[in-house]
Structures are given as C-alpha cells and as structure tokens.
Amino acid sequence: MAKNTDKMALGAKNIKFMIAGLLVMAAGFLLLSGGGSQDPQVFNYAMFDWRRLVAAPIVIVAGIVVEIIAIMGRFKTEE
C-alpha cells in the first residue's frame, strides 16, 4: 500500500528559485525588446545593439540555468 504524504514535490526554496528564474528570464526578454523603426523604409541599426545581441541572450540563458537548478536541486529544509 502506498504512503499518503502531504509533502509537495518541490520545497519552498525551490519555488523561490523558480520565481527568481522567471524574473531573470523576463528581464532578458525586456532587454531583447525594442530597436524597431517607425518608418518601414528606414533601416534602424539599433536592433543590432550589444544589448540585444549579447546581453539579452546571456541573461535569458542564466534564467534557464536558475530554473534547472530550482527544479533539480535539493536544498536542506529548515525543519
């Protein structure tokens, strides 16, 4: 017979790390936005900015790494 436990699969610390990872990824997507032009006939080189090509992908990947750590990590409980 299987035991009935009232424990969640992820602890409170894991949930906090997951929320932090989501916030980091959201910040990366905000860094990625913008750079468009109001006039479609005018090319805007701002979309090839360092922020969009380098910083934003690094921040998004960092958020994904935090999510993996949050899901796979085992943290000591305070109980």
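Residues numbered from 1 in each chain as written. Predicted model: local features only at pLDDT ≥ 70, side-chain atom pairs only at ≥ 80, totals over all residues. Heavy atoms only, no water.

1. Regarding the packing of helix 1 (residues 12–32) against helix 2 (residues 50–72)
- In the contact formed by helix 1 and helix 2, the axes pass within 8 Å of each other and the chain directions differ by 165°. Classified by the interaxial angle, the pair formed by helix 1 and helix 2 is roughly antiparallel. By crossing handedness, the relation of helix 1 to helix 2 is classed as left-handed.
- For the contact of helix 1 with helix 2, the class distribution of residues is 18 nonpolar, 4 polar and 3 charged. (Axes fitted to C-alpha atoms, helices over the stretch in contact; angles between N-to-C directions. Helix = DSSP H or I, 4+ residues; strand = E, 2+ residues; numbered from the N terminus. Parallel < 35°, antiparallel > 145°, perpendicular 65-115°, else oblique. Left-handed = near helix turned anticlockwise from the far one by under 90°. Nonpolar A, V, L, I, M, F, W, Y, C, P; charged D, E, K, R; others polar.)

2. A closer look at the side chain of asparagine 14
- Mapped onto the secondary structure, asparagine 14 falls in helix 1.
- Separated by 2.6 Å, the side chain of asparagine 14 and the backbone oxygen of alanine 70 make a polar contact.
- Residues contacting asparagine 14, with those up to four places away along its chain left out, are Ala70, Gly73 and Phe75. (Polar contact = N/O pair within 3.5 Å; in protein donor to acceptor, adjacent residues only side chain to side chain. Contact = heavy atoms within 4.5 Å.)

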